[in-house]
Amino acid sequence: MQLPAPLSDCSPAQLQALLAELQRDYQAHCDANLALDLTRGKPSTEQLDLSDALDGLLAGDYRAADGSDCRNYGGLHGLAELRAVGAELLATTPAQTIAGGSSSLTLMYFTLLFANLFGLAGAPAWQSRGGVKIICPVPGYDRHFAICERLGIEMVTVAMNSDGPDMDAVEQLLASDPSIVGMWNVPKHSNPTGITYSDAVVKRIAKLGQLAQPGFLVLWDNAYAVHDIAASSDPLTAIAPLAEAAGTQVAQFASTSKITHAGAGVSFMAGSQALIDSVVEQLGIAMIGPDKVNQLRHVALLKEGGLAKIMDGHRALLAPRFAAVEQALAAHFSGSELLRWTRPNGGYFVSVDTLAGLASRVVALAAAAGVKLTPAGATFPYHRDPQDSNIRLAPSFPSLADVEKTMQVFCCCVQLASVEQQLANG
Ligand SMILES: Cc1ncc(COP(=O)(O)O)c(C=O)c1O
């Protein structure tokens, strides 16, 4: 149901009647003993099934294109033929791309760790400069924030607009604060808002090195580079050539976690030759080489249109789930001041904003009704959403029927919390 808009026009008696009705609906959801989960952006089992051909694909032939035996040690940069796949994902050259193990997050963590402890691409170690800071567009990805928190790097937030981060704020920060050493980005189908950076924003980011101190790193996590839900893809300007021309160090990342098997995929990092060389030098202390057998299987699966076919399969499974979220939100909140939400063309998330002060209450109400939502605050550094309004919805993993059920509970919780607040505010 839709509530009258705006709620502030309702009399106390009308609000009490709405409250009673919503409490009845809410109790009915609680009585249904639900156990639903809309928290993490995991692929569903059907999505994982799309890449089951990986199993046995090599049929005993472990030779890479250069004739080397992938079962053996070595090859720190990853297989050349897979680096070419990564370079295409990240719109750069194979020579400036490395291929690693199953997690791009590991490469991100190592990159920040190396930059902090040792310095990368000839720059001094961040830790030698005393306290340093990283710019985080918000809402953003909780695991990026966790890396900074673990390394003792202070996070400074800027707003994420519909075309990317607020670049005026970013440039002002860099011009005024020499302790800033980096900036996180998820430039395509961002986590959680789903937006893709505009050409103008990418161009401004590519020049940030000119405003920053040596050692500044643009962290470009292109986790959703080919993850379109809509039929047409949001275009993303290639940052590598622009950054190279402007002298800005950009560390790009991607993986096949949301393409093949999330727990058994391959990851990529790309950057200037100096950056890649210094990261590989450090990686060489930590390992002798990545899992090249898995890399070879991935080349065999993804080559000759294999990647596009798998992504079509993901789209067919994800699009109805995102449509179910949109339908429920539109049915309950279109034209209402109670909730704003994003309509992503790809990625894994829908980002919603309740009225200020209500996200924690909505998450708690949903939990008591058997629906797990990502904790309020998770999309902000230090778990502190100053407005307590943002909630990340991740509809990929549950079945379509469960997404539909979950959204009914979620919408009821938002309405209930909003009416409670209106009554409390008088
Ligand atoms: C923006 C972003 N980066 C990275 C990851 C994780 O990547 P990987 O599995 O390659 O470590 C995720 C997973 O949700 C993500 O949303």
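Residues numbered from 1 in each chain as written. Predicted model: local features only at pLDDT ≥ 70, side-chain atom pairs only at ≥ 80, totals over all residues. Heavy atoms only, no water.

### Topic: the site of the ligand
Stage number 1. Surrounding the ligand, one finds 13 residues, the nearest of these being S104, D221, Y224, S255 and S257.
Stage number 2. Side-chain polar atom of Y224 to an oxygen atom of the ligand: 2.6 Å apart, as the coordinates give it.
Stage number 3. Protein contacts shield 88% of the accessible area of the ligand, which totals 390 Å² for the unbound molecule.
Stage number 4. If one sorts the elements of the shell around the ligand by residue count, helix α4 (residues 104-117) sits on top with three residues.
Stage number 5. When its residues are assigned to classes, the shell around the ligand shows six nonpolar, five polar and two charged. (Near = heavy atom within 4 Å. Polar contact = N/O pair within 3.5 Å; in protein donor to acceptor, adjacent residues only side chain to side chain. Areas by Shrake-Rupley, 256 points an atom, 1.4 Å probe, with all protein chains shown as cover. Helix = DSSP H or I, 4+ residues; strand = E, 2+ residues; numbered from the N terminus. Nonpolar A, V, L, I, M, F, W, Y, C, P; charged D, E, K, R; others polar.)

### Here's the deal with the sheet that holds strand β8 (residues 249-255)
Neighbouring strands of a sheet are bound in pairs by backbone hydrogen bonds; such pairs are parallel or else antiparallel.
Stage number 1. Sheet architecture is open: eight strands sit in the order β2-β9-β8-β7-β6-β3-β4-β5, paired in mixed fashion. With one partner strand each, in any of the chains shown, β2 (97-100) and β5 (164-165) form the two edges of the open sheet.
Stage number 2. Strand direction decides the pairing type here: β2 and strand β9 (residues 267-270), joined by four bridges, are antiparallel. If you follow G100 over to β9, its bridge partner there is S267.
Stage number 3. Each of β3 (133-138), β4 (154-161), β5 and β6 (180-185) is contacted by helix α6 (residues 167-176), which is oriented at about 155° to β4, the strand it contacts most.
Stage number 4. Lying on the sheet, helix α9 (residues 273-286) is in contact with β2, β7 (217-221), β8 and β9; it crosses β9 at an angle near 130°. (Pairing = 2+ DSSP bridges. Contact = heavy atoms within 4.5 Å. Axes fitted to C-alpha atoms, helices over the stretch in contact; angles between N-to-C directions.)

### Considering the nonpolar core
Stage number 1. One finds L329, V352, L373, L393, M407 and F410 to be the most contacted residues of the largest nonpolar core, which totals 53 residues.
Stage number 2. For this core, the element with the most residues is helix α13 (residues 400-425), which contributes 11 residues.
Stage number 3. Counting contributing residues per domain, this core is built from domain 1 (7-47 + 309-425) and domain 2 (64-304), each supplying no fewer than three.
Stage number 4. Excluding residues that lie within four positions of it along the chain, M407 makes contacts with L38, A324, V325, A328, L329 and L393.
Stage number 5. Counting residues in hydrophobic clusters, the runner-up holds 32 residues, among them L107, I153, W184 and I276. (Core = buried A, V, L, I, M, F, W, Y, C linked by side-chain atoms within 4.5 Å. Buried < 20%, exposed > 50% of the residue type's maximum accessible area, 1.4 Å probe, protein only. Domains from an automatic or database assignment.)

### Regarding the environment of V362
Stage number 1. Looking at the secondary structure, you find V362 in helix α12 (residues 359-368).
Stage number 2. Remark: the alpha-carbon pair of V362 and V414, spanning 52 residues in sequence, is separated by 5.7 Å.

### Here's the deal with the sheet that holds strand β11 (residues 350-354)
Stage number 1. The strand order across the open sheet built from three strands is β10-β11-β13, with neighbouring strands paired in antiparallel fashion. The sheet terminates laterally at β10 (339-341) and β13 (390-393), the two strands that pair on one side only. For this sheet, the mean inter-axis angle between neighbouring strands, taken without regard to orientation, is 25°.
Stage number 2. Judged from the four bridges that link them, β11 and β13 form a sheet pairing that is antiparallel.

### Comments concerning the packing of α6 against helix α7 (residues 199-206)
Stage number 1. Where α6 contacts α7, the axes come no closer than 11 Å and their chain directions differ by 5°. By the angle class used here, α6 and α7 are roughly parallel. Residues M167, D168 and E171 of α6 touch α7, and the partners they reach there are V201, R204 and I205.
Stage number 2. Considered class by class, the residues forming the contact of α6 with α7 number three nonpolar, no polar and three charged. (Parallel < 35°, antiparallel > 145°, perpendicular 65-115°, else oblique.)

### Remarks on the environment of Q421
Stage number 1. In this structure, Q421 sits in helix α13.
Stage number 2. Aside from chain neighbours lying at most four places away, what touches Q421 is L355, A356 and L358.

### Considering helix α5 (residues 142-151)
The α-helix winds at 3.6 residues per turn, so residues separated by three or four positions along the chain end up facing the same way.
Stage number 1. The set of residues buried in α5 consists of D142, H144, F145, I147, C148 and L151.
Stage number 2. Elements that come into contact with the buried residues of α5 comprise α4, β3, β4, β6, β7 and β13.

### Thoughts on the domain arrangement of the protein
Stage number 1. As assigned here, the protein comprises domain 1 (7-47 + 309-425) and domain 2 (64-304).
Stage number 2. The straight-line distance from the C-alpha centre of domain 1 to that of domain 2 is 31 Å.
Stage number 3. At the boundary of domain 1 with domain 2, total buried surface from both sides reaches about 2500 Å², with 61% on carbon and sulfur atoms.
Stage number 4. Three residues, M311, N345 and Y382, lead the burial of domain 1 against domain 2; their summed loss comes to 23% of the area buried on that side.
Stage number 5. Linking domain 1 to domain 2 there are zero salt bridges.
Stage number 6. Viewed at the interface, domain 2 and domain 1 are joined by 12 residue pairs in polar contact (both at pLDDT 80 or more).
Stage number 7. Every element with two or more residues in the side of domain 1 that touches domain 2 is listed here: α11 (306-333), β11 and β13.
Stage number 8. Of all the elements, α11 adds the most residues to the side of domain 1 that touches domain 2, at six residues.
Stage number 9. Here the residues of the side of domain 1 that touches domain 2 are counted per class, giving 13 nonpolar, nine polar and three charged. (Buried area = accessible area lost by both parts, 1.4 Å probe. Salt bridge = Lys/Arg side-chain N within 4 Å of Asp/Glu carboxyl O.)

### Observations regarding unusual backbone geometry
Stage number 1. In this model, A5 is joined to P6 through a cis peptide bond whose omega is -10°.
Stage number 2. Relative to the helices and strands, P6 is located in the segment before α1 (12-31).
Stage number 3. In this structure, P192 follows N191 across a cis peptide bond, with omega equal to 10°.
Stage number 4. Looking at the secondary structure, you find P192 in the loop between β6 and α7.
Stage number 5. The backbone of H189 shows a phi angle near 45°, a positive value even though the residue is not glycine.
Stage number 6. Owing to a relative accessible area of 0%, H189 belongs among the buried residues under this scheme.
Stage number 7. Despite not being glycine, E304 shows a phi value in the positive range, around 50°.
Stage number 8. Summarising the element assignment, E304 is placed in the loop between α10 (292-302) and α11.
Stage number 9. Judged by its relative accessible area of 75%, E304 falls in the exposed class.

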